[in-house]
Amino acid sequence: MDKNQLEDLLGKMTLDEKISQMMQLSPIFFKGTEMQGEITGPMEELNLTESIIQNAGSVLGSSSKKDMLQIQEEHMKTNRLGIPLVFMADIIHGHKTIFPIPLALGASFSEEVASEMARVSALEATASGHHVTFSPMVDLVRDPRWGRVMESTGEDPHLNSRLGAAMVRGYQGGNLQEDYTRLAACVKHFAAYGAPQGGREYHTVDMSKREFYQNYLPAYQAALEAGAKMVMTSFNILEGVPATMNKWLNRDVLRQELGFSGVLISDWGAVKEVINHGTAADTKEAAKGALLAGVDLEMMTECFITNLKELVETGEVSEGLLDEAVMRMLVLKEELGLFKDPYRGLKRDSRSGDILSDENRQVARNVAHESAVLLKNNANILPLAFNQKIALIGPLADSQDVLGGWVVYGEQKDAVSMADAFSGKFSATEIVSTDYEQISENVLQEAETAAKNADVVVLCVGEKSEWSGEAASLATIRLPEAQYELAKRVAKANSAVVTVLFNGRPLDIHDLVDHSEAVLDVFFPGTEAGNAIFDLLTGEVNPSGKLSMTIPQTTGQIPIFYNELRTGRPKTAQNAGEKYLSQYLDIPNEPLFPFGFGLSYTNFVLSEMEVADEIALADTLHVKVTVQNTGECAGSEVIQVYLQDITASVSRPLKELKAFQKVRLEPGEKTTLSFALTKEDFSFYLPDLTVVQEAGLHRVFIGTSSVDVKSFEVRVVR
Ligand code: GLC
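So, here's what we can say about the structure. (Residues numbered from 1 in each chain as written. Predicted model: local features only at pLDDT ≥ 70, side-chain atom pairs only at ≥ 80, totals over all residues. Heavy atoms only, no water.)

1. Structural notes on the state of the cysteines
Each disulfide is one covalent bond, formed between the sulfur atoms of two cysteines.
Right, so step 1: In the structure shown here, the tally under the stated rule is 0 disulfides.
Right, so step 2: Lacking any disulfide linkage, C303 is separated from the closest cysteine sulfur, that of C186, by 19 Å. (Disulfide = S-S within 2.5 Å.)

2. Some thoughts on the sheet that holds strand 26 (residues 709–717)
Right, so step 1: If you trace the 5 strands from one edge of the open sheet to the other, you get 18-26-25-20-21, paired in mixed fashion. The open sheet has two free edges, formed respectively by strand 18 (614–616) and strand 21 (656–665), since each of these has just one partner strand. Averaged over all pairs of adjacent strands, the angle between strand axes in this sheet comes to 25 degrees, irrespective of strand direction.
Right, so step 2: Where strand 18 and strand 26 come together, 3 bridges link them in parallel fashion. Looking at strand 26, one finds that E614 is bridged to R715. (Pairing = 2+ DSSP bridges. Helix = DSSP H or I, 4+ residues; strand = E, 2+ residues; numbered from the N terminus. Axes fitted to C-alpha atoms, helices over the stretch in contact; angles between N-to-C directions.)

3. Brief notes about the packing of aromatic side chains
Right, so step 1: On inspection of all chains with the given rule, the structure shows 19 aromatic pairs.
Right, so step 2: Look at F212 and Y213: their rings are 5.7 Å apart centre to centre, the planes differ by 75 degrees, and that puts the pair in the edge-to-face class. The pair F212 / Y213 is uniform in exposure class, with both members buried.
Right, so step 3: Between F386 and F534, the aromatic rings sit 6.0 Å apart at their centres with planes inclined by 40 degrees, giving tilted as the arrangement. (Phe/Tyr/Trp six-rings, centres within 6.5 Å; stacked < 30°, edge-to-face > 60°. Buried < 20%, exposed > 50% of the residue type's maximum accessible area, 1.4 Å probe, protein only.)

4. Comments concerning the sheet that holds strand 3 (residues 86–89)
Within a sheet, adjacent strands bond to each other through the backbone by hydrogen bonds, running parallel or antiparallel.
Right, so step 1: In spatial order, the strands read 9-6-5-4-3-2-1-10; together these 8 strands make up an open sheet with parallel pairing. The sheet is open, and its two borders are formed by strand 9 (263–265) and strand 10 (298–299), each paired with just one other strand.
Right, so step 2: Strand direction decides the pairing type here: strand 1 (residues 23–25) and strand 2 (residues 58–60), joined by 2 bridges, are parallel. By the bridge assignment, Q24 is partnered in strand 2 with S58.

5. Some remarks on unusual backbone geometry
Right, so step 1: Each neighbour pair has its own omega, and for F190 with A191 the value is 5 degrees, a cis peptide bond.
Right, so step 2: In this fold, A191 is placed in the loop between strand 5 (184–190) and helix 9 (209–216).
Right, so step 3: In the segment running from I558 into P559, the intervening peptide bond is cis, with an omega of 0 degrees.
Right, so step 4: Turning to its location among the elements, P559 is positioned in the loop between helix 21 (529–537) and strand 17 (604–611).
Right, so step 5: Residues other than glycine seldom take positive phi values, yet Y202 does so here, at roughly 65 degrees.
Right, so step 6: Along the chain, the position of Y202 falls in the loop between strand 5 and helix 9.

6. Things to note about helix 14 (residues 303–313)
Right, so step 1: Listed as buried for helix 14 are C303, F304, I305, N307, L308, L311 and V312.
Right, so step 2: Trailing helix 14 by a residue or two, G315 shows a phi angle of about 80 degrees, which is positive.

7. Describing the site of the ligand
Right, so step 1: Taken together, D90, F134, R148, K188, H189, M232, F235, D267, W268, M299, W406 and E470 make up all the residues around the ligand.
Right, so step 2: Here R148 contributes a side-chain N or O atom positioned 2.7 Å from an oxygen atom of the ligand.
Right, so step 3: Within the side chain of H189, an N or O atom sits 2.7 Å from an oxygen atom of the ligand.
Right, so step 4: In the complex, the protein chains occlude 93% of the 310 Å² of accessible area that the ligand would expose alone.
Right, so step 5: The residue makeup of the shell around the ligand, split by class, is 6 nonpolar, 1 polar and 5 charged. (Near = heavy atom within 4 Å. Polar contact = N/O pair within 3.5 Å; in protein donor to acceptor, adjacent residues only side chain to side chain. Areas by Shrake-Rupley, 256 points an atom, 1.4 Å probe, with all protein chains shown as cover. Nonpolar A, V, L, I, M, F, W, Y, C, P; charged D, E, K, R; others polar.)

8. Some remarks on the nonpolar core
Note on soluble globular proteins: their nonpolar side chains tend to be buried together.
Right, so step 1: In this structure, F29, L48 and F212 are the most contacted members of the largest nonpolar core, which totals 126 residues.
Right, so step 2: Counting residues per element, this core draws most heavily on helix 15 (residues 319–335), at 8 residues.
Right, so step 3: For this core, the two domains that each supply at least three residues are domain 1 (3–353) and domain 3 (604–717).
Right, so step 4: Of all hydrophobic cores here, the second largest spans 89 residues; its members include I101, W406, A482 and Y484. (Core = buried A, V, L, I, M, F, W, Y, C linked by side-chain atoms within 4.5 Å. Domains from an automatic or database assignment.)

9. Some words on the side chain of R255
Right, so step 1: Turning to its location among the elements, R255 is positioned in helix 11 (residues 247–257).
Right, so step 2: At a separation of 3.1 Å, a polar atom in the side chain of R255 contacts the main-chain carbonyl oxygen of F260.

10. A closer look at the packing of helix 12 (residues 270–277) against helix 13 (residues 283–292)
Relative orientation and spacing of two packed helices are given, respectively, by the angle between their axes and the distance between those axes.
Right, so step 1: Running from N to C, helix 12 and helix 13 point in directions that differ by 115 degrees, and their axes come no closer than 9 Å. Along this stretch, helix 12 crosses helix 13, giving a crossing that reads as right-handed. Along the contact surface, helix 12 presents V271, K272, V274 and I275, while helix 13 presents T283, A286 and A290. (Left-handed = near helix turned anticlockwise from the far one by under 90°. Contact = heavy atoms within 4.5 Å.)

These figures come from the coordinates and say nothing about function on their own.
Here it is, written out as structure tokens:
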């Protein structure tokens, strides 16, 4: 349907039908679902009637293709104007084939990897009847106490922008209306949800507008410029007002400044929660506030459905605002091809072959290869040799809990554990599986014996999936002490320890690193975990990941991130030891491992760096660097380019990532990479929110991490 036809359709809708399009319910409320029987309680709770259900606009988180087909069939029989339902769900890093968590995708520093994850996720999710995914989450994160850092691609605005846009492209493809293997993407959580005070879930967010525009807004903007069809409001307040009723945030910033014209959905219950925030006295004020702030679709609470009719009929809100919201919903359904085919081809094509296929598993395995970060490899204990006797020891030695905490449809039973992948491949493989939190003396002794009998110990430690993700903040980022004790005892029995870390967040891993010759951070690698780690530890594949989020020395160092501002009393190599500096008395200022860091089995040499020493304002700075693989095996390196504005009208960070390229080189091979830093890269926000580029001395850093860099002075002149 074209715009006029959609306008006509809108013109035929009653007020009740419009309001029903603005609420999203879970499947239990709809006919055709096996769960339908238990709905009386929730329906009464939400003041829902049969006609509201018949006129509903969208469904959250349906369970199966069969369910969705039946719900849509029943709906199309009863919906007066034949407006189809749109099915939305959380497909965050895979559907049935689960990929590494987004924090790991960030560590891949690869748009191709991010896009491929999204493409396969969409292939499987659409084969299961879904239309929209609540992804990518592009919230900037700097506090690993917050459980949802696992869902972000990390602490850097540039990295998050590029990977978020890549995911949107992967989900949506080039023709969403015709290509039924693609999903509409919903960017979340708008906005700045990743900065809760104390890292405590759902807690207050408070920052200057300048900080927000400079660091937190860019990734949402990039995802929208990539064409994302939806945005989700966040639970938190910003500028003292909950995002879900924040007119400045949604109407001024999102709609006006970023030009977003798609559907804005609230997060789960976020409309009603503004009452808890204290910015609405009741559901009527909440409904009015959210509508005036531009929310189109209320997820799982009843403020709109129970109040909008009265608000319109009493003239408190104009029906025109509802028309805007409903039109966005109709446009979304049209863009998904739902008016043409409410079943998006599933009535005729089974598409079961698209789910958990060998091809999809191989893609997930490749993504896990690219996302793992080699933090340490002393004496080249890695790669392992097949003639070695190895011992897999720890809570993840024989566990399928490797998918991460944001998996709705994927199943652990499909996951490849370490034991699955390593058993039978070496001259001997002993497995000592332990608990995560309580490891008895007997088990410790069993582990020590296995370590003594092995050439190399592969210590498999880390978090349970449920220890990160939503509603999983931690006051300390240490693992259970039993796991550090295990590491110590095992290392005492055999110092040849390779630690494989499974984690949803940066952790305090000092005591693990100190007792390991090598450390590979695999995060939660997904369905192909064991196979991917086997490939990496045996050298079949060379690790190439780079940290997307700083690993602190300890919890007390949080927040710590690479692009922090300088201070008036910086601690430097020259003044270290003095007292009155910005420092701690008990730990260094440097993190344990910095942003952008990751090792390889081969060596890369950077040379022939070319950086102009002077450019004019608004000119592009061209950077060239030659990188050569001088080692014995093929591998990939991520060349990173950072910028520092040394003196400006506001204090500028020590450095900011402005460009990166990941390149794969055979032994001996070399290539020259070019980068272009534009006026936008040199520009920044002033307190009055104007964007400026200023003349003056800058530094450009070129290297393979945020600290392993070579710097060049560049003067920007008028
Ligand atoms: C959750 C999350 C959000 C998710 C939504 C629907 O509370 O905050 O990321 O998409 O509800 O499940």
